[in-house]
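Structural description and commentary
Single-letter residue listing:
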Amino acid sequence: MATQEHIDEARRLIERLRDHHANEVVALARLVDAGALRGAAGDRLAADLRAWDQGLKDRFTRALSLLDALEPGKGASFR
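Residues numbered from 1 in each chain as written. Predicted model: local features only at pLDDT ≥ 70, side-chain atom pairs only at ≥ 80, totals over all residues. Heavy atoms only, no water.

1. As for the overall build of the protein chain
Per the secondary structure count, the protein chain includes two helices and zero strands. In terms of overall size, the protein chain is more extended than a compact globule, its C-alpha atoms giving a radius of gyration of 17 Å where 79 residues would be expected to give roughly 12 Å. Taken over the C-alpha atoms alone, the protein chain extends approximately 55 × 20 × 15 Å along its principal axes. Residues classed as buried in the protein chain amount to 19% of the 79 residues present. Partitioning the intrachain contacts of the protein chain with sequence separation of at least 6 by distance along the chain shows that 78% fall at a separation of at least 24. A gap of 2 Å separates the mean positions of the 13 positive and 13 negative side-chain charges of the protein chain. (Helix = DSSP H or I, 4+ residues; strand = E, 2+ residues; numbered from the N terminus. Rg over C-alpha atoms; globule rule 2.2 N^0.38 Å. Buried < 20%, exposed > 50% of the residue type's maximum accessible area, 1.4 Å probe, protein only. Contact = heavy atoms within 4.5 Å. Lys, Arg positive; Asp, Glu negative; His and termini not counted. Charge placed at Lys NZ, Arg CZ, Asp CG, Glu CD.)

Printed below as a string of structure tokens:
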């Protein structure tokens, strides 16, 4: 059973991963936007980065909302 401590620890980890992801994707997007990769390949990469970024943001949001729905000791297990 998950305790409130487990839930809080999971939340901190998800938030840390979300922030790390955001920083990495923003840095890469800035490189592409600054002209590090020009032409059609750069355009495709920029579009892929935006889609990947949005997809992961949605997953992080979903994971955090699932944590919000957990009640400590009510059948939630992280093992």
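Additional details are given in the paragraphs that follow.
2. As for the environment of leucine 56
Position of leucine 56 among the secondary structure elements: in helix α2 (residues 39-69). Assessed through its relative accessible area of 25%, leucine 56 is described here as partly exposed. As a C-alpha pair, leucine 56 and valine 25 span 31 residues in sequence and 10 Å in three-dimensional space.

3. Some words on the pattern of salt bridges
Counted by the stated rule, this structure contains four salt bridges. Between arginine 11 and glutamate 15 there is a salt bridge, with the nearest N and O atoms lying 3.8 Å from each other. One end of the pair is arginine 11 and the other is glutamate 15, both in helix α1 (residues 4-33) and four residues apart, which spans about a single turn. The class of arginine 11 is partly exposed, set by a relative accessible area of 22%. (Salt bridge = Lys/Arg side-chain N within 4 Å of Asp/Glu carboxyl O.)

4. Side note on α1
Compared with the 44 Å implied by 1.5 Å per residue over 30 residues, the 43 Å span of α1 between its first and last C-alpha is a close match. Where α1 is buried, its residues meet α2. (Expected span 1.5 Å × (residues − 1).)

5. Some details on the nonpolar core
Listed in full, the seven residues of the largest apolar core are Ala2, Ile7, Ala10, Ile14, Phe60, Leu64 and Leu67. Secondary-structure elements contributing two or more residues to this core are α1 and α2. Leaving out residues up to four positions away in the same chain, phenylalanine 60 has contacts with Ile14, Leu17, Arg18 and His21. (Core = buried A, V, L, I, M, F, W, Y, C linked by side-chain atoms within 4.5 Å.)

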